[in-house]
Amino acid sequence: MQNEMLAIILAGGKGSRLGKLTKNIAKPAVPFGGRYRIIDFTLSNCANSGIKNVGVVTQYQPLALNSHVDDGTSWGLDGINSGVTILQPFAGADGGKWFDGTAHAIYQNMAYIDEMNPEYVLVLSGDHIYKMDYEEMLETHKTNNASLTVAVIEVPEKEASRFGIMNTDENDRIIEFEEKPEKPKNNLASMGIYIFNWDRLRNVLLNSYSKDDQMLDFGKHVIPSYLESGENVFVYRFSGYWKDVGTIESLWEANMEFIDPKMNLTIRDKSWRVYSKNTISPPNLITETASVKESLIADGCYVAGEIENSILSNDVQVKEGSKITDSFIMPGANIGKNVTLHRAIIGENAVVGDNKVIDGTEEIGVIGYSEVIGVTNDED
């Protein structure tokens, strides 16, 4: 039996631009919004779009990500004819090899895709914050009789040179692709979301690798090859909220936008639920010395200080006399007494000792995953 569409989430990136936050954890597993991890948005899109089978390609520091995704139960992807499969680098007859790019990851997992036998393959990134109905994108793909459809979003013209830009004709057919052009011709930026006809992509990859003309990356190699060979390649225009949270600044911005009541964000649409792995935490304890304004406080927090326009994730402790403004605190972090945090990101299970000041006015202040600062051995 043939499945209509299989989703492959590329979640193996190191996330080096997030610095200390991804030293011990893959970027898609980085916490977001108080009770989520970044990959939850892509997985929830799959579940809400009616996609039954999802392969998650992992590579860098996969332990936390693998544990979080597990068998897909939290997203309802654990039925008789559905499931989530973790796809990691493996040793074959010709030895083991890391995934060298987005297209190479698909090539290396061709046996899994063939086993699932899809008509279409939906290729996704695991490190973006957005809500999208992939079923609508598939309908556009079918209507256009496309071999490849690329999701695009209009970005500010001054930022267009940071993205892969799709130049189209009046029918939204792609006629030219420019990778981070110095002088972009338009502002239609690729979102790194693709629908391929699997039979065609399979043949393209097999032919390429058989000739040692290896197609490692979709943007640099596959899309230009499709255009050169005259394939039907179209864009799918997306107009909702979308954020690439690959930098400290963008991760901080996305979290602040998430709790900003003035922003009408599609990611807060309750009709399109974002699922995550359930965690068991005790009730919050907000003491009489605490003050909480315009903030999100997740389960299991102990708060004795002042919190304003900030996010406290699960099981965060904030001691008396501390003041936190415009900041994102990840799960399990411990903030001591009389600490001042402004425009900061505090990593998962980090410890900030008493009387520390982190002022991110000029540049977002960051404490890494499980990092301990300002604590002497006597206090530890």
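Just above, that's the structure.
Computed from a prediction, not measured in an experiment: that's the story for all the values here.

**Observations concerning the overall build of the protein chain**
Consideration 1: Scanning the protein chain for helices and strands turns up 8 helices and 31 strands.
Consideration 2: Against the compact-globule benchmark of 21 Å for 380 residues, the protein chain has a radius of gyration of 22 Å, which places it among compact chains.
Consideration 3: The dimensions of the protein chain, computed from C-alpha atoms along their principal axes, are 65 × 45 × 40 Å.
Consideration 4: Split into buried and exposed, the 380 residues of the protein chain put 52% on the buried side.
Consideration 5: A separation threshold of at least 6 residues defines the contact pool for the protein chain, and within that pool the share at least 24 residues apart is 57%.
Consideration 6: Total accessible area on the protein chain is roughly 17,500 Å²; 44% of this is exposed by carbon and sulfur atoms.
Consideration 7: Of the side-chain charges in the protein chain, 34 are positive and 54 negative, and the distance between the mean point of each set is 2 Å.

**A look at the sheet that holds strand 31 (residues 372-373)**
Backbone-to-backbone hydrogen bonds pair the strands of a sheet. The strands run either parallel or antiparallel.
Consideration 1: If you walk across this open sheet you meet the 6 strands as 16-19-22-25-28-31, and the pairing is parallel. A strand with exactly one partner marks an edge of an open sheet, and here the two such strands are strand 16 (285-286) and strand 31.

**Structural notes on the environment of D299**
Consideration 1: Mapped onto the secondary structure, D299 falls in the loop between strand 18 (296-297) and strand 19 (302-303).
Consideration 2: Apart from residues no more than four positions distant in its own chain, D299 is found in contact with R35, S281, P282, N284, S313, N314 and D315.

**Observations regarding unusual backbone geometry**
Consideration 1: The residue N117 is not glycine, and still its phi comes out positive at about 55°.
Consideration 2: Structurally, N117 is set in the loop between helix 4 (110-116) and strand 8 (118-125).
Consideration 3: Unusually for a residue other than glycine, N309 sits at a positive phi of about 50°.
Consideration 4: Here N309 is to be found in the loop between strand 20 (306-308) and strand 21 (311-312).
Consideration 5: When its relative accessible area of 23% is taken as the criterion, N309 is described as partly exposed.

**Quick word on helix 7 (residues 218-228)**
Consideration 1: Residues F218, G219, V222, I223 and Y226 constitute the buried set of helix 7. Down the axis of helix 7, the buried set is contained in an arc of 110°. They therefore lie on one face. What points out from helix 7, more than 90 degrees from its buried face, is the exposed set K220 and E228.
Consideration 2: N-cap assignment for helix 7: the residue whose side-chain oxygen lies 2.9 Å from the backbone N of G219 is D217.
Consideration 3: Positive phi shows up at G230, right after helix 7, with a value of about 80°.

So, how was this worked out
Residues numbered from 1 in each chain as written. Predicted model: local features only at pLDDT ≥ 70, side-chain atom pairs only at ≥ 80, totals over all residues. Heavy atoms only, no water. Helix = DSSP H or I, 4+ residues; strand = E, 2+ residues; numbered from the N terminus. Rg over C-alpha atoms; globule rule 2.2 N^0.38 Å. Buried < 20%, exposed > 50% of the residue type's maximum accessible area, 1.4 Å probe, protein only. Contact = heavy atoms within 4.5 Å. Areas by Shrake-Rupley, 256 points an atom, 1.4 Å probe, with all protein chains shown as cover. Lys, Arg positive; Asp, Glu negative; His and termini not counted. Charge placed at Lys NZ, Arg CZ, Asp CG, Glu CD. Pairing = 2+ DSSP bridges. Arc of directions from axis to C-beta. Polar contact = N/O pair within 3.5 Å; in protein donor to acceptor, adjacent residues only side chain to side chain.

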